[in-house]
Amino acid sequence: MACCEKCMILTDDASCPSCGSEKIRDPKENDPVYLVESEAI
Ligand SMILES: [Zn+2]
């Protein structure tokens, strides 16, 4: 599992499914991506 640096969303792909960016990295423990996931805005 990795996340897009721009969209802060989780993805299993090599590129972001939302913006198509390939700037995918492993999410950190305190990464905001988890907040976005849990709150489901
Ligand atoms: Zn993205």
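Residues numbered from 1 in each chain as written. Predicted model: local features only at pLDDT ≥ 70, side-chain atom pairs only at ≥ 80, totals over all residues.

**A look at the overall build of the protein chain**
Then comes step 1: Helices and strands together make up the secondary structure of the protein chain, namely 1 helix and 3 strands.
Then comes step 2: Put simply, the protein chain runs from its N terminus to its C terminus through helices and strands in the order β-β-β-α.
Then comes step 3: Counting all 41 residues of the protein chain, 7% fall into the buried class.
Then comes step 4: Long-range contacts, defined here as pairs at least 24 residues apart, represent 22% of the contacts in the protein chain between residues at least 6 apart. (Helix = DSSP H or I, 4+ residues; strand = E, 2+ residues; numbered from the N terminus. Buried ≥ 20, exposed ≤ 12 C-beta atoms within 10 Å, placed from the backbone. Contact = placed C-beta atoms within 7 Å.)

**Let's talk about the sheet that holds strand β2 (residues 10–11)**
Then comes step 1: Read from one edge to the other, the open sheet built from 3 strands follows the order β2-β1-β3, with strand pairing classed as antiparallel. What marks the edges here is a single partner per strand, and that holds for β2 and β3 (24–25).
Then comes step 2: Sheet topology note: the strand β1 (residues 2–4)/β3 ladder contains 2 bridges and is antiparallel. Bridged to Cys-4 within β3 is Ile-24. (Pairing = 2+ DSSP bridges.)

**Points about unusual backbone geometry**
Trans peptide bonds make up most of the peptide bonds, and negative phi angles are found at most residues other than glycine.
Then comes step 1: Unlike most non-glycine residues, Met-8 shows phi in positive territory, near 60 degrees.
Then comes step 2: Relative to the assigned elements, Met-8 resides in the loop between β1 and β2.

**Section: the environment of Gly-20**
Then comes step 1: Inspection of the secondary structure puts Gly-20 in the loop between β2 and β3.
Then comes step 2: Residues Gly-20 and Cys-4 lie 16 residues apart in sequence; the distance between their C-alpha atoms is 9.0 Å.

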